Amino acid sequence: GAVVSQHPSWVICKSGTSVKIECRSLDFQATTMFWYRQFPKQSLMLMATSNEGSKATYEQGVEKDKFLINHASLTLSTLTVTSAHPEDSSFYICSASDPRLVYNEQFFGPGTRLTVL
Amino acid sequence: DQQVKQNSPSLSVQEGRISILNCDYTNSMFDYFLWYKKYPAEGPTFLISISSIKDKNEDGRFTVFLNKSAKHLSLHIVPSQPGDSAVYFCAASEAGGTSYGKLTFGQGTILTVHP
């Protein structure tokens, strides 16, 4: 299957700082990438849909100024958590949609654990 | 509004027996369904999928059944192995419109397979 990487795998930062998470599709070009957030023992919640070369589409309740998404190339999308606070601590997962597949299946990255102190 | 529901938070099965994981959905626009396996602190791994034009899809030990009239799908694992122990998520997507490609996930079911 297609390979998606995320970097970093974990990050600890101080409250008020910004953190950037990268998501890369390694062996295919992803026109669409998705960003999810997972709280402990809960489901994956879609935060936003990122299309290459255009603005991201945010889900209801997700602050676009707080979670900045950039999809500058067909293999890279970034999520920047600005002015992070402890409540932003979570597991962030990206996925990339493979346009070569009939149903554009999504392949997930390994996730990034963010801890804000 | 939980459009995809996995009502069993956990399931415990003996090695070699069948594991049956269930999933219900409410959105009649969903027409493609997927099962993912997830370990703690890792991203989900795609297992198997089914489109609404089928009622069964099989891949090795994994079979997914879809009952559109009941808006229900299930994942069967036969025979179950200890390495299958993980959290299993079902997910659904719509074919077109503004929601194309977006996945809606269930809450997950923790499967434990005992040796």
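Note that residues are indexed from 1 along each chain, following the sequence as it is written. Written order determines the labels here, with chains lettered from A and ligands numbered from 1. Local features in this predicted model are restricted to residues whose pLDDT is 70 or higher, and side-chain atom pairs enter the listing and the counts only when it is 80 or higher, whereas totals over whole chains, interfaces and linings include all residues. Excluded from the side-chain calculations are hydrogens and water; all other atoms, namely the structure's heavy atoms, are used.

Quick notes on the pattern of salt bridges
Residues and elements named next belong to chain A.
So, step 1. For this analysis, a salt bridge means a side-chain nitrogen from Lys or Arg found within 4 Å of a carboxyl oxygen belonging to Asp or Glu. With the rule as written, the count across this model stands at five salt bridges over all chains.
So, step 2. Note that Glu 22 and Arg 24 form a salt bridge whose closest N and O atoms lie 3.4 Å from each other.
So, step 3. Relative accessibility under 20% of the residue-type maximum defines a buried residue, over 50% an exposed one, and the middle range a partly exposed one, all with a 1.4 Å probe and only protein chains included. Relative accessible area serves as the criterion here: at 24%, Glu 22 is assigned to the partly exposed category.
So, step 4. Looking at Arg 24, the relative accessible area reads 35%, which means it is partly exposed.
So, step 5. Here Asp 88 and Lys 66 are joined by a salt bridge, their closest N and O atoms 2.7 Å apart.

So, the state of the cysteines
Residues and elements named next belong to chain B.
So, step 1. Two cysteine sulfur atoms form a disulfide, by the criterion used here, when they sit within 2.5 Å. The final tally for this structure, using the stated rule, is two disulfides over all chains.
So, step 2. Put simply, Cys 23 and Cys 90 are joined by a disulfide, and their sulfur atoms are 1.8 Å apart. Residues Cys 23 and Cys 90 share a disulfide whose torsion about the S-S bond is about 55°; that sign makes it right-handed. Here Cys 23, found in strand β3 (residues 19-25), pairs with Cys 90, found in strand β9 (residues 86-94); they are 67 residues apart in sequence, far enough to count as distant.
So, step 3. For Cys 23, a relative accessible area of 1% puts it in the buried group.
So, step 4. Given the relative accessible area of 0%, Cys 90 is considered buried. Here a strand is any run of E in DSSP of at least two residues, a helix any run of H or I of at least four, and the numbering for each starts at the N terminus.

Digging into unusual backbone geometry
So, step 1. A:Pro8 follows A:His7 through a cis peptide bond whose omega is 0°.
So, step 2. Examined against the element boundaries, A:Pro8 turns out to sit in the loop between β1 (4-7) and β2 (10-13).
So, step 3. In this model, B:Val78 is joined to B:Pro79 through a cis peptide bond whose omega is -10°.
So, step 4. When you line up the elements, B:Pro79 lands in the loop between β8 (72-77) and β9.
So, step 5. One non-glycine residue with positive phi stands out, namely B:Ala41, at about 60°.
So, step 6. Along the chain, B:Ala41 turns up in the loop between β4 (30-38) and β5 (45-51).
So, step 7. Owing to a relative accessible area of 51%, B:Ala41 belongs among the exposed residues under this scheme.
So, step 8. A positive phi angle is found at B:Lys71, which is not glycine, with a value near 50°.

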